[in-house]
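Observations on the model geometry
Residues per chain, in single letters:
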Amino acid sequence: MAQEKQSKWLEQWKAFRDEELFLFEEWISPNKLEDFRGKTVLEAGCGGGQHTSFVAPYCKRIVAVDLNAVEVAAERNSDLTNVQFLEADIAVMDLQENFDVVFSIGVVHHTDSPDSTVANLVRHLKQNGRLILWVYSKEGNWIAEFLIERLRRIALRNASTRALLLISKILTSVLYLPIYSLYLFPLQMLPYYEYFSNFRRLSFERNVLNVFDKLNAPQVEFISESRVRGWFPPEKFRNVHISSYKGVSWRASGIYTHTDDLSK
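The notes below deal with the structure included here. (Residues numbered from 1 in each chain as written. Predicted model: local features only at pLDDT ≥ 70, side-chain atom pairs only at ≥ 80, totals over all residues. Heavy atoms only, no water.)

**Here we look at the overall build of the protein chain**
Of the regular secondary structure elements, the protein chain holds ten helices and seven strands. Its C-alpha radius of gyration of 18 Å places the protein chain within 12% of the 18 Å reference for a compact globule of 264 residues. In terms of its C-alpha atoms, the protein chain occupies a principal-axis envelope of roughly 55 × 35 × 35 Å. Counting across all 264 residues of the protein chain, residues that qualify as buried make up 51%. For the protein chain, long-range pairs separated by at least 24 residues make up 69% of all intrachain contacts whose partners lie at least 6 apart in sequence. For the protein chain, the exposed surface amounts to about 12,500 Å²; the carbon and sulfur share of it is 55%. Of the charged side chains in the protein chain, 31 are positive and 32 negative; the average position of the first set lies 2 Å away from that of the second. (Helix = DSSP H or I, 4+ residues; strand = E, 2+ residues; numbered from the N terminus. Rg over C-alpha atoms; globule rule 2.2 N^0.38 Å. Buried < 20%, exposed > 50% of the residue type's maximum accessible area, 1.4 Å probe, protein only. Contact = heavy atoms within 4.5 Å. Areas by Shrake-Rupley, 256 points an atom, 1.4 Å probe, with all protein chains shown as cover. Lys, Arg positive; Asp, Glu negative; His and termini not counted. Charge placed at Lys NZ, Arg CZ, Asp CG, Glu CD.)

Here's what the structure looks like:
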């Protein structure tokens, strides 16, 4: 079944931009932007189109799909001539085309069924095509999964975008105190020790987006390492890379050795 549209995502990408190229490069690692050069690319969940703008200069053509905010992405990237924006559900879409590269950054864990979503993305790969994913990890995320998510469901589910934005700015400001004091010491046992190192690399506005995203997301499922590995079975993928990023997410990629040719 198709997922329902969620207006919260549209409001989020109207309010924020994410222009941190270094984050995208680290999320897709060990893949590089050069790996997109001359390729046909499917971006599954383009949000506000920030990652589209990073990849488009390298690839031959990119199809950027989003269920909720594709109009924002299209408007912000109206100068790009090799991009096609489509409104569709990445879990069930059938684009009748296979791609050299399929990538989805920070989206699969927000779908109704991450496993089904990934299976559908795989169906859109050419033989020897590259799948690149970045998802929240179950490992290292107990505070987000059991505390923040409960707070969001109980107290913030119906909060307005304006209210969430104010709360996010306040929480971000409060976080700066421990991040620039206690977290400067080599105390790896502290929760989110690696993750908070990024706060010191990002602007206040970008950190507000990090917090807002956690409070605004209509749903999220934290993904275990074993589950991610199940998305890249050795009988179907080679050159598989799965690694933790900052202790709170998984970056995963591999080369598909089979194909369900949707273009036939």
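Still more to cover.
**Some details on the sheet that holds strand E6 (residues 237–245)**
Spatially, the seven strands line up as an open sheet ordered E3-E2-E1-E4-E5-E7-E6, and their pairing is mixed. At either margin of the open sheet sits one strand with a lone partner, and together these are strand E3 (83–87) and E6. Between one strand and the next, the sheet's axes are offset by a mean angle of 15 degrees, whatever the strand orientation. Packed onto the sheet, helix H2 (residues 21–28) meets strand E4 (99–105), strand E5 (125–136), E6 and strand E7 (249–256) and runs at close to 115 degrees relative to E4. (Pairing = 2+ DSSP bridges. Axes fitted to C-alpha atoms, helices over the stretch in contact; angles between N-to-C directions.)

**What about the pattern of salt bridges?**
For the structure shown, the criterion picks out 13 salt bridges. A salt bridge links Lys5 to Glu87, with the shortest nitrogen-to-oxygen separation between them at 3.4 Å. With a gap of 82 residues between them, Lys5 in the segment before helix H1 (7–15) and Glu87 in strand E3 connect regions that are remote in the sequence. The class for Glu87 is partly exposed, based on a relative accessible area of 46%. Salt-bridge contacts for Lys126 lead to Asp100; the nearest nitrogen and oxygen are separated by 3.3 Å. Within this pair, whereas Lys126 is found in strand E5, its partner Asp100 is found in strand E4, the two being separated by 26 residues in sequence. (Salt bridge = Lys/Arg side-chain N within 4 Å of Asp/Glu carboxyl O.)

**Side note on the side chain of Asn141**
Residue placement: Asn141 occurs in the loop between E5 and helix H6 (142–156). Beyond its immediate chain neighbours, meaning those up to four positions away, Asn141 contacts Tyr136, Tyr192, Phe222 and Val248.

**Quick look at H1**
Those residues of H1 not exposed but buried are Lys8, Trp9, Leu10, Gln12 and Trp13. Among the structural elements, helix H3 (50–55), helix H4 (70–76), H6, helix H7 (161–179) and helix H9 (204–216) are those in contact with the buried residues of H1.

**Looking at the packing of aromatic side chains**
Within this structure, the stated rule accounts for 19 aromatic pairs. When the ring of Trp27 is compared with that of Trp134, the centres are 4.3 Å apart and the planes differ by 20 degrees; the resulting orientation is stacked. Placement of the pair is Trp27 in helix H2 and Trp134 in strand E5, with a sequence separation of 107 residues. Of the two residues examined, Trp27 and Trp134, each falls in the buried class. With a centroid separation of 6.4 Å and 65 degrees between ring planes, the pair formed by Tyr176 and Phe199 is classed as edge-to-face. Of this pair, Tyr176 sits in helix H7 while Phe199 sits in helix H8 (residues 193–199), and the two are 23 residues apart along the sequence. Here a set of aromatic residues connected by ring pairs shows up, and it is made of Tyr176, Tyr180, Tyr183, Tyr192, Tyr193, Tyr195, Phe196, Phe199 and Phe204. (Phe/Tyr/Trp six-rings, centres within 6.5 Å; stacked < 30°, edge-to-face > 60°.)

**Here's the deal with the environment of Leu187**
Within the secondary structure layout, Leu187 lies in the loop between H7 and H8. The exposure class of Leu187 is partly exposed, given its relative accessible area of 26%. With near-sequence residues (within four places) excluded, Leu187 lies in contact with Leu182 and Tyr193.

**Considering a nonpolar patch on the surface**
Where nonpolar side chains cluster on the molecular surface, the patch consists of Tyr180, Leu182, Leu184 and Phe185 and spans about 400 Å² of accessible area. Relative to the helices and strands, Phe185 is located in the loop between H7 and H8. (Patch = residues over 30% accessible without salt bridge, like charges linked within 9 Å, V, L, I, M, F, W, Y side chains within 5 Å.)

**So, the pairing of E3**
Pairing between strand E2 (residues 61–66) and E3: five bridges, direction parallel. Within E3, the position partnered with Asp66 by the bridge is Glu87.

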